[in-house]
Amino acid sequence: MRFTLLAAAIGVAVAAPAAATTYTLTYSAASCAGGCVNDGDPISELFGSNADVTVQNLRLAPGYVPVAGGLNYFNRDYSGGPAAYVEDSSQETRGAVALFINRPGTITLLSADFGGWPNAEIPVAWEVWGRFNNSVTFATGTVVTQISGQTTVNFNISAGFNQPIVLIFGPDAYNGGVQNVRYSFIGADSGVPEPASWAMLIAGFGLIGAANRRRRHQVTA
């Protein structure tokens with residue numbers, strides 16, 4: 001009986017998903033190579049990348065074509081705060097933040113903040129894609145920015161390995177900027193625990209539940 005309970009505890013513990021790691025991509029003076037000095041300095045294309053996720057900060061021409069220039073940094077006045085935007089006032093160019101996971105797992109785009117320049121109430125259109133070729137559109141919407149205080153939009157949209165999530169804003173990505181892109185990553189690792197972990201697993205047997213199946217969420221705001 002003891003061996004049966006031990007086996008059950010180990011099996012349930014191994015099946016339980018690891019905790020997700022949450023990241024916040026915050027644009028600041030450190031976003032530019034060598035530091036952002038002047039208004040409009042280009043943000044490093046891979047700024048915000050980490051061991052789990054590669055981030056690309058992109059500029060999209062009409063037709064959603066990535067072009068040179070990327071995103072730019074402005075340290076104030078996007079609804080009272082700094083933001084990433086596109087230094088192109090044509091109102092035809094979009095900004096994009098692409099998230100590519102580096103290993104099998106699930107990435108979830110949680111939310112992002114939007115601001116209007118100069119401290120203005122303007123509509124900012126956004127889209128969340130699963131791929132650049134527009135074969136999948138997860139969600140679209142419009143947020144009206146505030147004069148003071150950036151506005152948070154909640155997405156809660158997930159994708160798996162080889163399904164990058166791309167947050168796009170614009171086509172007026174000059175007057176509308178983005179900040180604090182929040183996302184989480186959970187790996188698909190399912191290895192056997194180290195021997196030193198057995199005692200912890202057994203002690204926590206009574207608190208271990210069956211692993212919940214992950215599922216894609218709808219946009220909540």
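Because the structure is a prediction, the values reported are computed rather than measured.

Chemist: So what's going on with the overall build of the protein chain? Which residues, and what values?
Modeler: Counting its secondary structure elements, the protein chain contains two helices and 13 strands. Counting over 221 residues, the protein chain shows a buried share of 40%. Residue pairs at least 24 apart in sequence account for 75% of intrachain contacts in the protein chain once pairs closer than 6 positions are excluded. About 11100 Å² of surface is accessible on the protein chain, with carbon and sulfur atoms providing 55% of the total.

Chemist: Would you mind going over the pattern of salt bridges in detail, with residue names and values included?
Modeler: In the structure shown here, the tally under the stated rule is five salt bridges. The closest approach of N and O atoms between arginine 76 and aspartate 39, which form a salt bridge, is 2.9 Å. With a gap of 37 residues between them, arginine 76 in strand E5 (residues 72-78) and aspartate 39 in the loop between strand E1 (21-25) and strand E2 (41-42) connect regions that are remote in the sequence. Classification of arginine 76 as partly exposed rests on a relative accessible area of 36%.

Chemist: Give a description of the environment of asparagine 57 that names residues and reports values.
Modeler: Relative to the helices and strands, asparagine 57 is located in strand E3 (residues 53-61). As for asparagine 57 and glycine 69, which are separated by 12 residues in sequence, their C-alpha atoms are 9.6 Å apart. Apart from residues no more than four positions distant in its own chain, asparagine 57 is found in contact with Leu25, Tyr27, Ile43, Ser44, Glu45, Leu46, Phe47, Gly70, Leu71, Ala96 and Val97. Within polar-contact distance, the side chain of asparagine 57 engages the backbone oxygen of serine 44 at 3.2 Å. Of note is the side chain of asparagine 57, whose polar atom sits 3.2 Å from the backbone oxygen of phenylalanine 47.

Chemist: Go over the packing of aromatic side chains with me, naming the residues and quoting the values.
Modeler: Applying the stated criterion to the full structure yields 10 aromatic pairs. Here tyrosine 23 and tyrosine 183 contribute two aromatic rings whose centre-to-centre distance is 5.3 Å and whose plane-to-plane angle is 25 degrees, an arrangement assigned as stacked. Highlighted residues: tyrosine 23 in strand E1 and tyrosine 183 in strand E13 (residues 176-187), separated in sequence by 160 residues. Chaining the aromatic ring pairs together yields one cluster made of Phe74, Tyr78, Tyr85, Trp117 and Tyr174.

Chemist: An account of the state of the cysteines is needed here, citing residue identities and associated values.
Modeler: As enumerated under the stated definition, the model contains one disulfide in all. Across the disulfide, cysteine 32 is cross-linked to cysteine 36 (sulfur-sulfur distance 1.9 Å). Here the S-S torsion is close to 90 degrees, and the disulfide linking cysteine 32 with cysteine 36 is therefore right-handed. On the accessibility criterion, cysteine 32 (7% relative accessible area) is buried.

Chemist: Can you tell me about the side chain of glutamine 179, naming the residues and giving the values?
Modeler: Along the polypeptide, glutamine 179 turns up in strand E13. Leave out the neighbours within four places in its chain, and glutamine 179 touches Leu25, Thr26, Tyr27, Pro82, Ala83, Ala112, Asp113 and Gln150.

Chemist: Help me get a handle on the environment of tryptophan 126, residues and values and all.
Modeler: With respect to the secondary-structure elements, tryptophan 126 resides in strand E9 (residues 123-129). For tryptophan 126, a relative accessible area of 4% corresponds to the buried category.

Chemist: So what's going on with the nonpolar core? Residues and values would help.
Modeler: Counting residues in each nonpolar core, the largest one holds 38 residues, and the members touching the most others are Tyr27, Phe114, Trp126, Phe155, Leu167 and Val178. Leaving out residues up to four positions away in the same chain, valine 178 has contacts with Tyr27, Ala83, Ala84, Ala112, Asp113, Phe114, Leu167 and Phe169. Core analysis: the next-biggest nonpolar cluster, separate from the first, contains seven residues, Leu58, Trp129, Val166 and Ile168 among them.

Rules used throughout
- Residues numbered from 1 in each chain as written.
- Predicted model: local features only at pLDDT ≥ 70, side-chain atom pairs only at ≥ 80, totals over all residues.
- Heavy atoms only, no water.
- Helix = DSSP H or I, 4+ residues; strand = E, 2+ residues; numbered from the N terminus.
- Buried < 20%, exposed > 50% of the residue type's maximum accessible area, 1.4 Å probe, protein only.
- Contact = heavy atoms within 4.5 Å.
- Areas by Shrake-Rupley, 256 points an atom, 1.4 Å probe, with all protein chains shown as cover.
- Salt bridge = Lys/Arg side-chain N within 4 Å of Asp/Glu carboxyl O.
- Polar contact = N/O pair within 3.5 Å; in protein donor to acceptor, adjacent residues only side chain to side chain.
- Phe/Tyr/Trp six-rings, centres within 6.5 Å; stacked < 30°, edge-to-face > 60°.
- Disulfide = S-S within 2.5 Å.
- Core = buried A, V, L, I, M, F, W, Y, C linked by side-chain atoms within 4.5 Å.

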